[in-house]
Amino acid sequence: MKRIKIKELLKSGKAGESVVAKGWVRTKRGSKNVFFIALNDGSTINNLQVVVDVNNFEDALLREINTGAALSVSGKLVESAGSGQNIELVADQVELLGAADPEKYPIQPKKHSMEFLRENAHLRFRTNTFSAVFRIRHAMAFAIHKYFNEKGFNYLHTPIITASDAEGAGQMFRVTTLDAKNPPLTEDGAVDFSQDFFGKPTNLTVSGQLEGELGALALGEIYTFGPTFRAENSNTTRHLAEFWMIEPEMAFYDLKDNMDLAEEFLKYLIKYALENCMDDLQFLAKRLQEEEKDKPQDQRSMDLIEKLNFVLNNDFIRLTYTEAIDILKNSPYYKKKKFQFPVEWGIDLQSEHERYLVEKHFKCPVILTNYPKDIKAFYMKQNDDGKTVGAMDVLFPQIGEIIGGSQREENLEKLETRMREMHIPVEEMDWYLDTRRFGSVVHSGFGLGFERFILFVTGMGNIRDVIPFARTPKNAEF
Ligand code: 4AD
Ligand code: MG
């Protein structure tokens, strides 16, 4: 008999059918005569209830049916008397595929702390919460490719090892085969990278944008979707040293087109989640409620599904950085000195400022544009005021910045001047400047932090819990 996945069984299984199901035991309860096993195979958040008549099986086998053990069960589907499921499986045969010693198996059917599960990240997929998160993560990755494919964008694989610093922030991980203890030195005592693998210093990329621009100025519209790496020492719930980014780059798009695309894209993904991941979302919504039940009413989050629908059904508010600073300075929060960081035109907005705008002031996602040029990257379109650049950051409730992007400076001279001002090695980036030398056009793009977006969709509170194996300062376990 062929194995049928539990998702399929629960959806279309009919009473009377003989089937085989395989999976891991989530819980076992029962009486002297009968066991009820909740079996899960990862295809759905829902478990298949397996009914085992104790009298028909060996004691040795029954003793091995513990949380975490893998079983193959064949039997007949019957209508379920219990609530929550239509059918259950009455076991004729139970085969123990892999035992799990209850004295040693860490994931027991009780509430574990998130910290404990992070330490056991290799097994946390077996919990309801993490299986839901990672099914949604998969669905969102799929929807991203689907969206861009439908719009005629080309998926471009940009390099992971690079010699350039796309953001010019110097937060890169060096890639080298030189001996750290005894590197070759030049005459003046510096490390001689000409003897390194690539013949020059190289790093893990912080962004695929610069190569993405090369693609966009030929293919028209491209996107990247890959891992990016930042050696920033930020131990927060929003930062990873290795995270995934989606970076569309479009020829002939100005800043307004860029904002329109970002908003449409985010809404498409949210709609896809609501249409395809409802079981998991409902589970996570309940989990969030549980988690927050001890918080005072005004500090609780909106219901997860309500929140997703809200973002889907409302226009994002668009305003300039300068307008945002005005709002912040005139806010009751500012007057009561509730912000930890200063508010002044020219500052880089902190997460507390972004979240004030989104959660307290507008109560809606916000796109901020035209930031001061000194806090943004060299490649952004220089505005006529000489002070600001055509940047756009999309700010989301609970997250703060979820997207960063801009129109790009397409004028060769202006770009080169800015690069020199910002000490970007112009000569080494000649290849990049060639796009401005030959057939330069208005173009734009943005980067969506994949894990920040998954945080939003799942309602999870820590970015370490939406990537399978988190890399953060002092932590590269598994
Ligand atoms: O704003 P950022 O730095 O923009 C860029 O890298 C541009 N090259 C994108 C582009 O225009 N093509 O990063 C983009 C997004 C942020 O908005 C944030 O969501 C996410 O990437 N991000 C991080 N996510 C997790 N951990 C980190 N350390 C992150 N740094 C940025
Ligand atoms: Mg940014």
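Read on for a plain summary of the structure.

1. Let's talk about the sheet that holds strand 9 (residues 202-204)
Two modes of strand pairing occur in sheets, parallel and antiparallel, and in both the strands are linked by backbone hydrogen bonds.
So, point 1. Pairing within the open sheet is antiparallel, and its three strands lie in the order 7-9-8. Two strands in the sheet have a free side with no partner beyond their single neighbour: strand 7 (161-162) and strand 8 (174-175).
So, point 2. Pairing of strand 8 with strand 9, which is carried by two bridges, proceeds in the antiparallel orientation. Counted as the bridge partner of Arg 174 is Asn 203 from strand 9.

2. Remarks on a nonpolar patch on the surface
So, point 1. Together, Ile 160, Ile 161, Phe 197 and Phe 198 make up an exposed nonpolar region whose accessible area comes to about 390 Å².
So, point 2. With respect to the helices and strands, Phe 198 occurs in the loop between strand 8 and strand 9.

3. As for the nonpolar core
So, point 1. Counting residues in each nonpolar core, the largest one holds 94 residues, and the members touching the most others are Met 140, Leu 281, Val 394, Phe 396 and Phe 453.
So, point 2. Considering each element in turn, this core owes the most residues, twelve residues, to helix 4 (residues 128-150).
So, point 3. Lining this core are residues from two domains, each supplying at least three of them: domain 1 (6-106) and domain 2 (126-171 + 206-465).
So, point 4. The contact partners of Val 394, leaving out residues within four places of it in the chain, are Ala 262, Leu 266, Phe 316, Val 366, Ile 367, Gly 400, Glu 401, Ile 402 and Ile 403.
So, point 5. Formed by 33 residues, the second largest nonpolar core is a distinct cluster that contains Val 206, Tyr 356, Tyr 371 and Phe 378.

4. Some remarks on the site of ligand 1
So, point 1. Lining the immediate surroundings of ligand 1 are 24 residues, of which Glu 167, Gln 209, Arg 230, Glu 247 and Glu 401 lie closest.
So, point 2. Contact distances for ligand 1 include 2.6 Å between a nitrogen atom and a side-chain N or O atom of Glu 167.
So, point 3. For ligand 1, an oxygen atom lies 3.3 Å from a polar atom in the backbone of Gly 449.
So, point 4. Relative to its unbound accessible surface of 630 Å², ligand 1 loses 93% to contact with the protein.
So, point 5. Where the shell around ligand 1 is concerned, the elements lending two or more residues are strand 11 (242-251), strand 15 (400-407) and strand 16 (443-449).
So, point 6. With five residues, the single largest contributor to the shell around ligand 1 is strand 15.
So, point 7. Taken together, the residues of the shell around ligand 1 break down into eight nonpolar, eight polar and eight charged.

5. Observations regarding the packing of aromatic side chains
So, point 1. Scanning the model with the defined rule gives 26 aromatic pairs in all.
So, point 2. Geometrically, the ring pair formed by Tyr 155 and Tyr 223 is stacked, given 5.1 Å between the ring centres and 15° between the ring planes. Taken together, the residues Tyr 155 in strand 6 (residues 154-155) and Tyr 223 in strand 10 (residues 221-229) connect sequence positions 68 residues apart.
So, point 3. Between Tyr 321 and Tyr 371, the aromatic rings sit 5.2 Å apart at their centres with planes inclined by 40°, giving tilted as the arrangement. On the criterion of sequence distance, the pair formed by Tyr 321 in helix 9 (residues 321-329) and Tyr 371 in strand 13 (residues 366-372) is long-range, its members being 50 residues apart.

6. Focus on the pattern of salt bridges
So, point 1. Throughout the structure, instances matching the rule amount to 28 salt bridges.
So, point 2. A salt bridge links Asp 260 to Arg 318; the nearest nitrogen and oxygen atoms lie 2.8 Å apart. Taken as a pair, Asp 260 in helix 6 (residues 255-276) and Arg 318 in strand 12 (residues 317-320) lie far apart in primary sequence, 58 residues in all.
So, point 3. Across the pair Glu 275 and Lys 271 runs a salt bridge, and its minimum N-O distance is 3.3 Å. Taken together, the positions of Glu 275 and Lys 271, both in helix 6 and four residues apart, correspond to about one turn of that helix.
So, point 4. Since its relative accessible area comes to 54%, Glu 275 is described here as exposed.

Reading the values: the criteria
Residues numbered from 1 in each chain as written. Chains lettered and ligands numbered in written order. Predicted model: local features only at pLDDT ≥ 70, side-chain atom pairs only at ≥ 80, totals over all residues. Heavy atoms only, no water. Pairing = 2+ DSSP bridges. Helix = DSSP H or I, 4+ residues; strand = E, 2+ residues; numbered from the N terminus. Patch = residues over 30% accessible without salt bridge, like charges linked within 9 Å, V, L, I, M, F, W, Y side chains within 5 Å. Areas by Shrake-Rupley, 256 points an atom, 1.4 Å probe, with all protein chains shown as cover. Salt bridge = Lys/Arg side-chain N within 4 Å of Asp/Glu carboxyl O. Core = buried A, V, L, I, M, F, W, Y, C linked by side-chain atoms within 4.5 Å. Buried < 20%, exposed > 50% of the residue type's maximum accessible area, 1.4 Å probe, protein only. Domains from an automatic or database assignment. Contact = heavy atoms within 4.5 Å. Near = heavy atom within 4 Å. Polar contact = N/O pair within 3.5 Å; in protein donor to acceptor, adjacent residues only side chain to side chain. Nonpolar A, V, L, I, M, F, W, Y, C, P; charged D, E, K, R; others polar. Phe/Tyr/Trp six-rings, centres within 6.5 Å; stacked < 30°, edge-to-face > 60°.

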